Structure formats: C-alpha cells, structure tokens
Amino acid sequence: MPRLILSMDGLVLKEMVLEKERTTIGRKPHNDIQIDNLAISGDHAAIVTILNDAFLEDMNSTNGTYVNGQPVKKHVLQSNDVIELGKYRLKYIADGGASVAADQDVSFSQVSDTDSGRQAAPAPEAPPAAPPAGAVGMIQILSGTHAGRTLELSKSLTTLGKPGTQVAVITRRPHGYFITHVEGTVFPVLNGRSLDAQAHRLNDNDIIEIAGVKMEFFSQARA
C-alpha cells in the first residue's frame, strides 16, 4: 500500500499508510492528516488513490501546494515525490514502484461512485440531453501497441494517460460522459482541437488524443 512520510526540517514526524480512497490534509481537526500550523490552510490538499495511481489536488490553499519544488493544482504522484506544505514535507512512497510500464502507450484506471467521495471534474451548468437509457460509454484505442483494445467506461471516473506526461479523466454522469485535463503542459486533443481546463462532454465518434495515443469514444446499449 502507498504511504506518506511526514517530516519537518529533516526530522521524520510520522509515517501514514494511504488506506482510504480519499485522504485529506489540512489544519482543521477533521482532516485525515492534520498539520496544526498557521501556514497550512484549514483544508489544504487531498490525495485520491485509484488502483495503482494517486492524485494530489490543492484545495485552493492560501500558501499553495508544491511537489519537488514546483507549485501544483493537480498532480499524479510518482514514488519518491516530495509534497511541500509550508515547512512540512510529505514524501510519497508508492507500493511496488511505478504504476505504468515503460512499454505502455497509455494507462487506464477506474473508480466507482462509492469509491471516491468527490468527483474529479464539474459538469457544465447547462448539460446537454441525457444519453439513451441503458447505454454505456466505450473507448477504443486507435493507435499504438494497444490499438484495437476496447475499454468499457463502467465506473464513475476513468483516468487515461501517462503519469508525469499527460493525464485526463473521464467522468460518468447521469447526463453523459465528460473529459477533463488533469496533468501535463499539453492538453488533450478532441476532434483535432486542444481542450481547455473545463470539462467537455463526449459524443459518439469523438476522437480523443492523449499522450500521443488516439482513441474513439462511443456509446453502446447494454445487452
């Protein structure tokens, strides 16, 4: 199981195993990891663990969240990453090393509604019409070593991409599927156009390009 090692000024204060799907960090007592220091916001950051991947998110903290010296809003954690909150350091140790093999084009992981207490991407205020009842979203890989592979988007959240390079999430909602950029300086491409930071609804036959891999989204009626 992945774990965090909390330290300050080189002194190790605590070691914690990431047993929950969502681990919160902040000054307030309700946080899973409470750091009672004025430099830490009441609700400072959160780590969502999905299968072999862990996502760090800054919760609009006052002083920011840093990873390996760089400010982040959302970040896919790699083993030995150092999260910096004021004078405190949280070293992330993954279970079994890297979660993505070097020869993989793109990694996939999913989490259901009950696995995570927070959706990764907000839906637009005026969502389009709902997809046909009983339909489920599908992704088919069109390029790379996994070309032809099909993935059913059966869970509420699916991550796509290469941690440290480019990562996006697809969220399943009552009114459709939405894709949102999570990590990387280059945004995913949808039908030849680069996405922005907002959630975008997916429609049948949309072509997505993430980390150099093209894939097609379509819906399919359940048997």
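Here, the structure is the one placed above.
Rules behind the numbers
- Residues numbered from 1 in each chain as written.
- Predicted model: local features only at pLDDT ≥ 70, side-chain atom pairs only at ≥ 80, totals over all residues.
- Heavy atoms only, no water.
- Helix = DSSP H or I, 4+ residues; strand = E, 2+ residues; numbered from the N terminus.
- Buried < 20%, exposed > 50% of the residue type's maximum accessible area, 1.4 Å probe, protein only.
- Contact = heavy atoms within 4.5 Å.
- Areas by Shrake-Rupley, 256 points an atom, 1.4 Å probe, with all protein chains shown as cover.
- Pairing = 2+ DSSP bridges.
- Core = buried A, V, L, I, M, F, W, Y, C linked by side-chain atoms within 4.5 Å.

So, on to the overall build of the protein chain. Secondary structure assignment for the protein chain yields zero helices and 22 strands. Taken across its 223 residues, the protein chain has 45% of its residues classed as buried. Pairs at least 24 apart in sequence give 45% of the contacts found in the protein chain among residues at least 6 apart. Counting only carbon and sulfur atoms, one obtains 48% of the accessible surface of the protein chain, whose full area is about 11300 Å².

What follows concerns the environment of Asn 191. Mapping Asn 191 onto the fold places it in the loop between β18 (189-190) and β19 (193-194). With relative accessibility at 44%, the residue Asn 191 sits in the partly exposed group. When the C-alpha positions of Asn 191 and Ile 208 are compared, they lie 6.5 Å apart, and in sequence the two are 17 residues distant. Residues contacting Asn 191, with those up to four places away along its chain left out, are Asn 205, Asp 206 and Ile 207.

Turning our eyes to something else, we now look at the sheet that holds strand β3 (residues 22-26). Strand pairing in a sheet is mediated by backbone hydrogen bonds. Such pairs are either parallel or antiparallel. In spatial order, the strands read β4-β3-β5-β6-β9; together these five strands make up an open sheet with mixed pairing. If you trace the sheet from one side to the other, it starts and ends with β4 (33-34) and β9 (74-76), each paired once. Pairing of β3 with β4 involves two bridges; the strand directions are parallel. Within the sheet, the bridge partner assigned to Ile 25 lies in β4 and is Ile 33.

A separate point is the nonpolar core. Ranked by size, the top nonpolar core spans 21 residues in total, and within it Leu 4, Ile 35, Ile 47, Leu 56, Ile 83 and Leu 90 carry the most contacts. Of all the secondary structure elements, the ones that give two or more residues to this core are β1 (3-8), β5 (45-50), β6 (53-58), β10 (82-85) and β11 (88-93). The element best represented in this core is β11, accounting for three residues. When neighbours within four sequence positions are excluded, Ile 35 is seen to be in contact with Leu 6, Ile 25, Gly 26, Arg 27, Ile 40, Leu 85 and Tyr 88. By size, the runner-up hydrophobic cluster in this structure holds 20 residues, among which are Leu 160, Ile 170, Ile 208 and Met 215.

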